[in-house]
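Structure assessment
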Amino acid sequence: MIPLSITDLFTIGIGPSSSHTVGPMRAAHAFATMLAEDAIVPERVYCDLYGSLSLTGRGHATDIAVLLGLSGATPEGVDPDAVAGIVAEIRANHRLILAGKTPLPFDPERDIVFHPGFLPGHPNAMASTAVLTDGSRITRRYYSVGGGAIRGEGEAPPRINLTLPHAFATGNDLLALCADTRQSIAEIVAANESAWRPEAETLEFLDAVRAAMLASIDRGCAGSGELPGGLKVQRRARAIREKLLERGPRTDPSVVFEWVSLWALAVNEENAAGGRVVTAPTNGAAGVIPAVLKYYETFVHGSTRAGAQALLMTAAAIGFLYKQNASISAAEMGCQGEVGVACSMAAAGLAAALGATPAQVENAAEIGMEHNLGLTCDPIGGLVQIPCIERNTMGAIKAINAAYLALHGDGRHIVSLDQVIETMRQTGEDMKSQYKETSQGGLAVNVVEC
């Protein structure tokens, strides 16, 4: 079992997709960096995209991600407002600055090739090639395995010489640890994180993630106009927020889910626009946990900074289980692996922040996924817009409902979290490829693009 950290679940990057934008950018950056470090100056580089990266790559800005990565940009470091200018210059001049150091001829129309076929290693595959002056070639193949993580072909899993004080691989392991140590799930995660870095740095990271999540809500609520991509989808969050504010104080129950839906909507509109969001655990599902976190801080009396930190650490623990035992890649699992996992994580996190026992937290996570099983990924036009944006609002509302349902019980329930994760994995494997981020089935073919 490879040890995982909260930094593997939450990363701050740009939209619209963790697997199709963030991952390919990291892969292209890794290739360019490898050439620079080995002092290799090629005559030309080009990139081949396969499977899901090809079928929905243009809608997910995979080609733009490749341009940025080859130019030396990273998802964490690039300024979203500067992207359009960087890309326009490359396309106009047919030249990029490889790894930010070496000018190189590059024509995106010729040097980024979309292949519809799949490679056996993973549905999200790409290969970067450098052509040297003697005609020889250096090729590296990468897989974008979900949540912005990449794996080079032939690379062995990273060897991490690290011993976690409370290692766990399953939900049952986690519950047993909580019982043996009399600690909460968040405390188990905090103890494990201390093996990676000092506690103060972990708390600083959590606070940075929280701030970035809330900032993405604010930016999404301020944005207006049409989202890029050609579907002519109008941003709605700003207008909805203004209407809610105009109504003034209200006591009817609908006010809560209207605000929660708005916050999730705002984040995913910002993501669709290529803005800064937190991968949690993916970009396509980036609005669920921020909306539930905002709910906790806005509507829960007595919410605290420590509660928000516990929410995020508990959510991460649940995310670890999905990464270790199934997948968070929609190209492998469908949207149950993105919005479904985010819902499960958020439900567990909120339950923990509300004072749930570990058993109730595990129950909340199970409920959150159980009612997302079979959720397909069929984005219209290959864009992270329809149904992705609204789907995050549904995931956030479900997560809150799941947390309170669990709190009404004593933690005992029929279906365990481990069983529902295994069911999700089996369902994802059985799901036809056209329903797994290929835009070859479902809404993607039954709705005429505008």
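Residues numbered from 1 in each chain as written. Predicted model: local features only at pLDDT ≥ 70, side-chain atom pairs only at ≥ 80, totals over all residues. Heavy atoms only, no water.

The secondary structure content of the protein amounts to 19 helices and nine strands. In summary, the protein has a C-alpha radius of gyration of 22 Å against a globular reference of 22 Å for 450 residues, a match within 12%. Once the C-alpha set of the protein is aligned to its principal axes, its extents read approximately 70 × 55 × 40 Å. The long-range fraction of contacts in the protein, counting pairs at least 24 apart against all pairs at least 6 apart in sequence, stands at 77%. Charge-centre separation for the protein: the mean point of 34 positive side chains lies 3 Å from the mean point of 47 negative side chains. (Helix = DSSP H or I, 4+ residues; strand = E, 2+ residues; numbered from the N terminus. Rg over C-alpha atoms; globule rule 2.2 N^0.38 Å. Contact = heavy atoms within 4.5 Å. Lys, Arg positive; Asp, Glu negative; His and termini not counted. Charge placed at Lys NZ, Arg CZ, Asp CG, Glu CD.)

Attention now moves to unusual backbone geometry. The residue after alanine 280, namely proline 281, is reached through a cis peptide bond having omega -5 degrees. Inspection of the secondary structure puts proline 281 in the loop between strand 9 (276-279) and helix 12 (288-299). Geometrically, the link from isoleucine 386 to proline 387 is a cis peptide bond, its omega value of 5 degrees lying close to zero. With respect to the helices and strands, proline 387 occurs in the loop between helix 16 (358-370) and helix 17 (388-407). One non-glycine residue, alanine 61, lies in positive phi territory at about 65 degrees. With respect to the helices and strands, alanine 61 occurs in the loop between helix 3 (52-55) and helix 4 (62-70). Classification of alanine 61 as buried rests on a relative accessible area of 14%. (Buried < 20%, exposed > 50% of the residue type's maximum accessible area, 1.4 Å probe, protein only.)

This part covers the packing of helix 13 (residues 305-325) against helix 15 (residues 339-353). Viewed as axis vectors pointing N to C, helix 13 and helix 15 meet at an angle of 140 degrees, and their least axial separation amounts to 7 Å. Of the possible angle classes, the one that applies to helix 13 and helix 15 is oblique. Read as a crossing pair, helix 13 and helix 15 show a hand that is right-handed. Contacts between helix 13 and helix 15 involve Gly307, Leu311, Thr314, Ala315, Ala316, Ile318, Gly319 and Tyr322 from the former and Val341, Ser344, Met345, Ala348, Gly349, Leu350, Ala352 and Ala353 from the latter. Residues belonging to the contact of helix 13 with helix 15 are distributed by class as follows: eleven nonpolar, five polar and no charged. (Axes fitted to C-alpha atoms, helices over the stretch in contact; angles between N-to-C directions. Parallel < 35°, antiparallel > 145°, perpendicular 65-115°, else oblique. Left-handed = near helix turned anticlockwise from the far one by under 90°. Nonpolar A, V, L, I, M, F, W, Y, C, P; charged D, E, K, R; others polar.)

What you see with strand 5 (residues 112-115) is a clean split: Ile112 and Phe114 sit on the buried side and Val113 and His115 on the side with no burial. Sheet topology note: the strand 2 (residues 44-51)/strand 5 ladder contains four bridges and is parallel. Across the sheet, the residue bridging to aspartate 48 is valine 113, located in strand 5. (Pairing = 2+ DSSP bridges.)

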